[in-house]
Amino acid sequence: RFSVKTLIDRSCFETIDDTSPEFNNFAAILEQILSHRLKGQITWFGYESPRSFWDYIRVACRKVSHNCICSIENMEHVGSSRAKGRAWIRVALMEKHLSEYISTALRDFKTTRRFYEDGAIVLGEEANMLAGMLLGLNAIDFSFCLKGEGLDGSYPAVIDYTPYLKFTQSSDSISSDEEELRTLGSSGSEGSTPENIGPPFITDENSWYNKCKRVEQKYRLALEQKGYLEELVRLRENQLSESVSQNKLLLQRIEDMDLAHKMEKEQLEYIIVELQDQLTVLKNNDLRSRQELTTHLTNQWPSPGALDVNAVALDTLLYRKHNQQWDEKSFQSLDQLSADVSLSQSSLDPGHSQDGKQDGINLLNEGKEDTPSLLGLCGSLTSVASYKSLTSLKSSEYLASPTTEMTSPGLTPS
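Please read all numbers here as calculations on a predicted model, not as lab measurements.

Comments concerning the overall build of the protein
At step 1: A tally of helices and strands in the protein yields 16 helices and 2 strands.
At step 2: With 414 residues in all, the protein has 26% of them scored as buried.
At step 3: In the protein, of all internal contacts separated by at least 6 residues, the share reaching a separation of at least 24 is 71%.
At step 4: Within the structure as shown, the protein displays about 29,300 Å² of accessible surface, and the carbon and sulfur contribution to it stands at 56%.

Structural data, given as structure tokens:
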């Protein structure tokens with residue numbers, strides 16, 4: 001109680017930081033309270049190793065909203081468990097949430113029972129008053145450096161009782177205590193009299209001065225809180241403006257990506273249309289090439305009349321070779337052989353007349369009379385069936401079939 005009172009009184013005149021002896025004494029007292037009868041940690045071999053109060057705070061204060069547990073765990077210059085606990089005290093005071101942390105930890109009775117032995121201060125009835133006493137520290141603006149020597153966990157916390165042995169209460173504190181006593185007296189029973197309060201500590205001459213000082217103190221406190229709230233609002237406005245600018249950038253990026261997607265889609269559609277046009281042109285060229293090839297093959301194919309005479313000459317030559325009649329009477333000289341060859345070539349000419357064909361037949365008939373065997377042999381190539389088998393070799397798709405049947409008079413077997 002004394003440490004909290006002196007700390008509040010000192011905050012009226014100067015800012016509380018690490019160099020303030022009142023704060024160092026308060027931090028040492030709070031550390032001693034949280035470390036009183038703290039159980040050690042049992043190791044694998046059964047030995048009990050010392051434990052810091054930070055291990056208890058880290059587990060019991062997880063349920064506090066927007067807690068600073070993770071940020072203290074990730075601090076670079078704080079390594080030991082005791083140093084992390086001291087850093088937590090300073091951060092909680094700057095956040096004005098120390099009483100909330102303590103009350104949340106004390107409500108978790110199972111965790112508190114697991115970390116502390118019987119007779120500990122945090123397990124007693126006085127622990128419930130601890131959070132209420134720390135609630136008054138929320139009106140003080142603290143400023144600490146978390147990299148200073150105060151966070152060194154190598155030395156224990158030492159409590160200096162000297163300021164409390166010679167404690168002198170200031171006039172502001174006396175006036176506030178008097179007002180509290182008057183309030184308690186007015187809220188009590190009707191039989192209570194002012195004599196129960198005790199003799200007055202100040203005279204009437206100084207009462208107005210004390211009231212003026214108290215009003216001035218409240219004004220300074222309100223002014224400091226107003227400055228803090230204005231700074232907090234300014235910080236939130238900056239964060240809001242940054243969020244709005246980031247949102248605009250994200251929207252612009254989304255629009256750019258949408259536009260790029262549309263352009264890419266249009267390009268792909270244009271490419272597809274162009275490829276379809278090229279495929280159509282290639283199909284047309286292929287069809288035209290097929291038609292030209294068909295026309296060329298049709299023009300190069302010999303006529304049916306030429307095939308008929310050529311078949312007669314071929315049958316005659318095969319028949320002579322078969323009967324071994326290649327003698328001097330058949331071909332007396334090379335001139336006659338060339339004449340026969342020229343006769344066969346002239347028979348393949350499309351412009352040759354029907355008379356030339358009849359002369360060739362008569363020439364063949366002069367060498368050998370028509371016999372049934374010869375007629376059968378010749379008829380096998382010049383008959384209607386032979387002609388149909390020859391025309392079947394032609395493709396009906398590329399070559400036109402003849403409209404009339406070609407027959408050779410005098411050569412078709414009866």
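Read on, since the account is not over.
Observations concerning the packing of aromatic side chains
Two aromatic rings, taken as a pair, are described by how far apart their centres are and by the angle between their planes.
At step 1: Following the criterion strictly, the structure yields 6 aromatic pairs and no others.
At step 2: Ring centres of phenylalanine 23 and phenylalanine 142 lie 6.4 Å apart, and the angle between their planes is 50°; this geometry places the pair in the tilted category. Within this pair, whereas phenylalanine 23 is found in helix H2 (residues 21-34), its partner phenylalanine 142 is found in the loop between helix H8 (127-134) and helix H9 (162-165), the two being separated by 119 residues in sequence.
At step 3: Ring plane angle 35° and centroid distance 4.3 Å describe the contact between phenylalanine 23 and phenylalanine 144, whose orientation is recorded as tilted. Taken together, the residues span a long stretch of sequence, with phenylalanine 23 in helix H2 and phenylalanine 144 in the loop between H8 and H9 at a distance of 121 residues. Taken individually, phenylalanine 23 and phenylalanine 144 each receive the classification buried, so the pair is uniform in this respect.
At step 4: Taken together, the ring pairs in this structure connect Phe23, Phe142 and Phe144 into an aromatic cluster.
At step 5: A cation over a ring is seen here: lysine 96 above tyrosine 228, with NZ or CZ 5.8 Å from the ring centre.
At step 6: Sitting over the ring of tryptophan 208, lysine 211 keeps its end group 4.9 Å from the ring centre.

Digging into the confidence of the model for the protein
At step 1: Per-residue confidence for the protein averages 74 on the pLDDT scale, and 61% of its residues sit at or above 70.
At step 2: Between residues 187-203, whose pLDDT stays under 50, and residues either more than four places distant or in other chains, the model counts 7 contacts.
At step 3: For the stretch residues 348-357, pLDDT sits under 50, and the model shows 6 contacts to residues farther than four places along the chain or on other chains.

Re the pattern of salt bridges
At step 1: Following the criterion strictly, the structure yields 15 salt bridges and no others.
At step 2: Several salt bridges converge on common partners, so that one network encompasses Asp55, Arg58, Glu73 and Lys84.

Some words on the packing of helix H5 (residues 81-95) against helix H6 (residues 98-107)
At step 1: Two elements in contact, H5 and H6, have axes whose closest approach is 7 Å; the angle formed by their N-to-C orientations is 120°. On the basis of their axis angle, the class for H5 and H6 is oblique. Residues Trp88, Ala92, Leu93 and Glu95 of H5 pack against Leu98, Tyr101 and Ile102 of H6.

Scoring rules and cut-offs
- Residues numbered from 1 in each chain as written.
- Predicted model: local features only at pLDDT ≥ 70, side-chain atom pairs only at ≥ 80, totals over all residues.
- Heavy atoms only, no water.
- Helix = DSSP H or I, 4+ residues; strand = E, 2+ residues; numbered from the N terminus.
- Buried < 20%, exposed > 50% of the residue type's maximum accessible area, 1.4 Å probe, protein only.
- Contact = heavy atoms within 4.5 Å.
- Areas by Shrake-Rupley, 256 points an atom, 1.4 Å probe, with all protein chains shown as cover.
- Phe/Tyr/Trp six-rings, centres within 6.5 Å; stacked < 30°, edge-to-face > 60°.
- Lys NZ or Arg CZ within 6 Å of the ring centre and 35° of its normal.
- pLDDT = per-residue confidence, 0-100.
- Salt bridge = Lys/Arg side-chain N within 4 Å of Asp/Glu carboxyl O.
- Axes fitted to C-alpha atoms, helices over the stretch in contact; angles between N-to-C directions.
- Parallel < 35°, antiparallel > 145°, perpendicular 65-115°, else oblique.

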